[in-house]
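Given next are the chains, with one letter for each unit.
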Amino acid sequence: MAPKIKKRLGKKHRQASTRPKLGKSVPKLKGAVKEVSPKQRKEIAAKKAAANAKAKTPTRSPDKEHRRVVGEEQMRPQGGEDRAGRSRFPAGMETRKAKAKAPVDPEVAEKRAWLNAEEIATTLTLVTANVGHHEPTRLPLVAICGRPNVGKSTLFNKLTQTRRSIVGDEPGITRDRIYGEVEWAGRDVRLVDTGGVIPDDEALIPAEIFRQAKVGLEEADAIIMVVDGRTELASPDMELARLLLRGGKPVFLAVNKMDTPEMFAAAENFRRLGFKNVCPISAEHGSGIGDLLDDVWAALPPEFVAEEPEENLEGFEEEFEEDMDGGGDPLPGAQDGDEEAKPGRRLRSHGEHISRETKVAIIGRPNVGKSTLLNAFTGTERAIVSPIAGTTRDAVDEVVERNGHSFRFIDTAGIRRKGKTKLMAEKLSVIMSRKHLEAADVSLLVIDAGEGVAAADANIGGYAHESGRSVIIIVNKWDLMTDVGPDGMRLFDGKPPADKKIYEQQVRDSLKYLDYAPLLFVSAAEEKGMEEVFKKVELVSRERRKRVSTGAMNRFLDKIDFQRASVPMKKRIRIYYMTQAAVAPPTFVLFTDRDVKLHFSYERFLANEIRDTFKFIGSPIWFKVKARNKKKEKE
């Protein structure tokens, strides 16, 4: 039997066959859709589907949506799905409490924690010119003490109107002494914030905190003891109160965290400690602080007004006369009659004026001896020293006078990788260390001689190099590498003593980008090599403010053989002339024929040639290109 051939329908019949059949089982279409063609009906259906999908799309950010999905998957209990993979629980059955407890992606949480630390760090105050400069004969000192996490640093920041001390919910954040100044009732007073005191704790860090606090309490004229008004009295409070009352100094009790007037009555319960002066305050909101300061200021010794010392202006008068008449010694490379080489023929930038104080940041990895180095510079136990990494959190600074020049040494916290920091206080310490580095003039990169140059040391040195700070490499603990026993071997590890030249070459090979930085071998524990450090810091701070005249730079360009520079041809440029635009760090502007970025090898070659002629010891050199043809050439 022949197969039955299906007759092909015409165009009109084909369109009719695609139309829905009308009947009881099929709903009637509305008038707006009933008259349209099948193609138009498909477009309308697609638009409706897209609108429905958009309505179901979550409006929260992708980060929050990812956490929501992850939380729902991890919140689902075991056996919560059937064989088909469908959940046995109806939609919306999970409670909000269960969703809130859902774990968050660790990478997302870590990134968010660092962002929060960055935001908090922007509000913190760096070391200022008057903080830590001790003048006991001029300003009285008031010490703030108490057990951990009672609000001492919050009160300190409130009184000094700064964010100098790191504040957080973690107990024991403040460890070293932090100094500031307060003005109240027309009188200036120095203020010191001490770490949380636990007198009976025998652990190393609490014991060192107690020792640092005792130093501040012994030199104080009045003491403010802070307690938490929302908690019951603890044994550390009673023991500390007993020690303070025995000292014979005016002591005032500040009952903190009394945020509302209704809570002030509860402060009377703390009179059991034996204090006559009890003042309820709220360090966070500022209530009650005025009454506390009135009582403290009334108990201070009479104000001492010292005679202003007569300034020796002989050197400044000579310098002023030289600037006015254009005299003075010509700058390096200048010739007779060179007007641009005379100091009186130009304006000075702020970095060229005589600096009364040089800020020196001590940077490095944790536990390389930074705090020990600060103590060796000051000759006191200014910072806590312990073998535990990460002991220093707040930046500790101290001013040292040497040969008529002031050096402000800033001991920063050890800079670690982000994965190594867990607590918020540690994250803030790392961020603030970099901020203090950027605000300093000279940085001392401390390296542990026993461990050598690590990858973290190279990264920290890169921070100083990129920020334009002058760098001095300090190889600490050199005594461990040279002290030998009767057998001629090192006591440190039983190996032969280290050779200074070989060790220096190894450091130079690891830190090639810091070839301009002086390198010193010291022993902070034995206070060896400190005088040499002072000399290098003074030299480097003077070199970073040195200026070379335009005439001297042009004569310098004529003597350079640029053919020795290993630079690709497409990156080669012709320098018409160059001038020094700024100091600290030295910055040179190159006027060239092409507007291209300076090749790193060309920049290094030019910097080495400048150093051979004009030195600039310990300071990085920056270059800026300015082309006559403003259009940038396509590479």
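Placed above this text is the structure.
Residues numbered from 1 in each chain as written. Predicted model: local features only at pLDDT ≥ 70, side-chain atom pairs only at ≥ 80, totals over all residues. Heavy atoms only, no water.

S.K.: Explanation requested: the overall build of the protein chain in the structure shown.
M.R.: Looking only at helices and strands, the protein chain features 19 helices and 15 strands. Considering the protein chain as a whole, with its 635 residues, one finds that 43% of them fall into the buried category. For the protein chain, the share of sequence-separated contacts (at least 6 apart) that also reach a separation of at least 24 residues comes to 70%. Working note: accessible area of the protein chain is about 36400 Å², and carbon and sulfur atoms make up 52% of it. (Helix = DSSP H or I, 4+ residues; strand = E, 2+ residues; numbered from the N terminus. Buried < 20%, exposed > 50% of the residue type's maximum accessible area, 1.4 Å probe, protein only. Contact = heavy atoms within 4.5 Å. Areas by Shrake-Rupley, 256 points an atom, 1.4 Å probe, with all protein chains shown as cover.)

S.K.: In this structure, what is going on with the sheet that holds strand S4 (residues 222-228)? I would like to understand it.
M.R.: What links the strands of a sheet is backbone hydrogen bonding, and the strands pair in either a parallel or an antiparallel sense. Taking strand neighbours across the sheet as the criterion, the six strands line up as S2-S3-S1-S4-S5-S6 in an open arrangement whose pairing is mixed. The strands lining the two open edges of the sheet, one partner per strand, are strand S2 (178-184) and strand S6 (278-280). Recorded for the sheet is a direction-independent mean angle of 25° between the axes of neighbouring strands. Bridge analysis of S4 against strand S5 (residues 251-256) gives six bridges, and the strand direction is parallel. Looking at the pairing, Val-226 lines up with Ala-254 of S5. Packed onto the sheet, helix H9 (residues 235-246) meets strand S1 (141-145), S4 and S5 and runs at close to 170° relative to S4. (Pairing = 2+ DSSP bridges. Axes fitted to C-alpha atoms, helices over the stretch in contact; angles between N-to-C directions.)

S.K.: Would you mind going over the sheet that holds strand S10 (residues 442-448) with me for this structure?
M.R.: If you trace the six strands from one edge of the open sheet to the other, you get S8-S9-S7-S10-S11-S12, paired in mixed fashion. What marks the edges here is a single partner per strand, and that holds for strand S8 (396-402) and strand S12 (519-521). Pairwise comparison of adjacent strand axes, ignoring direction, gives a mean angle of 25° for this sheet. Where strand S11 (residues 470-476) meets S12, three bridges bridge the pair, whose relative direction is parallel. From the neighbouring strand, Ile-474 faces S12, where its bridge partner is Leu-520. Seen against the sheet, helix H12 (residues 370-378) touches strand S7 (357-364), S8, strand S9 (405-411), S10 and S11 and runs at an angle of roughly 150° to S7. Contacts from helix H14 (residues 455-466) reach S7, S10 and S11, with the element oriented near 175° to S10.

S.K.: I'm lost on the pattern of salt bridges in this one. Help?
M.R.: Two side chains bearing opposite charge may form a pair once their charged atoms approach each other closely. What the rule picks out here adds up to 16 salt bridges. Residues Glu-357 and Arg-408 are paired through a salt bridge, measuring 3.0 Å at the closest nitrogen-oxygen approach. Of this pair, Glu-357 sits in strand S7 while Arg-408 sits in strand S9; the two residues are 51 residues apart in sequence, bridging distant segments of the chain. Of the two residues, Glu-357 and Arg-408, both sit in the buried class. The partner of Arg-545 in a salt bridge is Asp-441, with the nearest N and O atoms 3.7 Å apart. Highlighted residues: Arg-545 in the loop between helix H17 (530-543) and helix H18 (550-558) and Asp-441 in the loop between helix H13 (424-439) and S10, separated in sequence by 104 residues. By relative accessible area, Asp-441 is classed as buried at 15%. Salt bridges sharing common partners tie together Glu-357, Asp-397 and Arg-408. (Salt bridge = Lys/Arg side-chain N within 4 Å of Asp/Glu carboxyl O.)

S.K.: Quick question: what am I supposed to make of the nonpolar core here?
M.R.: Here is a general trend for soluble globular proteins: nonpolar side chains tend to be buried in one another's company. One finds Met-225, Leu-244, Leu-253, Val-255, Leu-273 and Phe-275 to be the most contacted residues of the largest nonpolar core, which totals 26 residues. Among the elements of the structure, S1, helix H8 (204-218), S4, H9 and S5 are those that each provide at least two residues to this core. Residue contacts for Val-255: discarding those within four places in its chain leaves Val-227, Gly-229, Ala-267, Phe-270, Val-278, Cys-279, Pro-280 and Ile-281. With 25 residues, the next largest nonpolar core counts Val-368, Leu-373, Val-396 and Val-537 among its residues. (Core = buried A, V, L, I, M, F, W, Y, C linked by side-chain atoms within 4.5 Å.)

S.K.: Sorry if this is basic, but what is going on with the side chain of Ser-601 here?
M.R.: Considering the arrangement of structural elements, one finds Ser-601 in helix H19 (residues 600-614). Leave out the neighbours within four places in its chain, and Ser-601 touches Ser-566 and Val-567.

S.K.: What is the right way to read the packing of aromatic side chains from this model?
M.R.: The description of an aromatic ring pair rests on the distance of the ring centres and on the angle between the ring planes. Evaluated as defined, the whole model comprises 14 aromatic pairs. Summarising the aromatic geometry, the rings of Trp-478 and Tyr-503 are spaced 5.3 Å apart at their centres and angled 70° between planes, so their arrangement reads as edge-to-face. Taken together, the residues Trp-478 in helix H15 (residues 478-482) and Tyr-503 in helix H16 (residues 500-510) connect sequence positions 25 residues apart. Judged on exposure class, the residue Trp-478 and its partner Tyr-503 are both buried. Summarising the aromatic geometry, the rings of Phe-556 and Phe-614 are spaced 5.6 Å apart at their centres and angled 65° between planes, so their arrangement reads as edge-to-face. Of this pair, Phe-556 sits in helix H18 while Phe-614 sits in helix H19; the two residues are 58 residues apart in sequence, bridging distant segments of the chain. Across the pair, exposure class does not vary: Phe-556 and Phe-614 are buried alike. Chaining the aromatic ring pairs together yields one cluster made of Phe-377, Phe-407, Phe-409 and Phe-534. One cation-aromatic arrangement involves Arg-434 over Tyr-463; the distance from NZ or CZ to the ring centre is 3.8 Å. A cation over a ring is seen here: Lys-546 above Phe-616, with NZ or CZ 5.0 Å from the ring centre. (Phe/Tyr/Trp six-rings, centres within 6.5 Å; stacked < 30°, edge-to-face > 60°. Lys NZ or Arg CZ within 6 Å of the ring centre and 35° of its normal.)

S.K.: Looking at this model, I keep getting lost on H17. Mind explaining?
M.R.: Residues that lie three or four places apart on an α-helix share one face, since the helix turns once every 3.6 residues. Between its first and last C-alpha atoms H17 spans 20 Å; for 14 residues at 1.5 Å apiece the expected length is 20 Å, and the two agree. Of the positions making up H17, those classed as buried are Met-530, Val-533, Phe-534, Val-537, Val-540, Ser-541 and Glu-543. (Expected span 1.5 Å × (residues − 1).)

S.K.: What am I meant to see in the packing of H18 against H19 here?
M.R.: Each pair of packed helices can be summarised by the angle the axes make with each other and by the distance between the axes. In the contact formed by H18 and H19, the axes pass within 11 Å of each other and the chain directions differ by 115°. H18 and H19 meet at a crossing whose hand is right-handed. Contact residues: Ala-552, Met-553 and Phe-556 in H18; Glu-609, Ile-610, Thr-613 and Phe-614 in H19. The residue inventory of the contact of H18 with H19, partitioned by class, reads five nonpolar, one polar and one charged. (Left-handed = near helix turned anticlockwise from the far one by under 90°. Nonpolar A, V, L, I, M, F, W, Y, C, P; charged D, E, K, R; others polar.)

S.K.: Before we go on, may I ask you to explain the packing of H12 against H17 in this structure?
M.R.: Across the interface, H12 lies against H17 with an axial gap of 10 Å and an inter-helix angle of 90°. Classified by the angle their axes make, H12 and H17 are roughly perpendicular. On H17, the residues that touch Leu-373, Ala-376 and Phe-377 of H12 are Met-530, Val-533 and Phe-534. Residue composition of the contact of H12 with H17, grouped by class: six nonpolar, no polar and no charged. (Parallel < 35°, antiparallel > 145°, perpendicular 65-115°, else oblique.)

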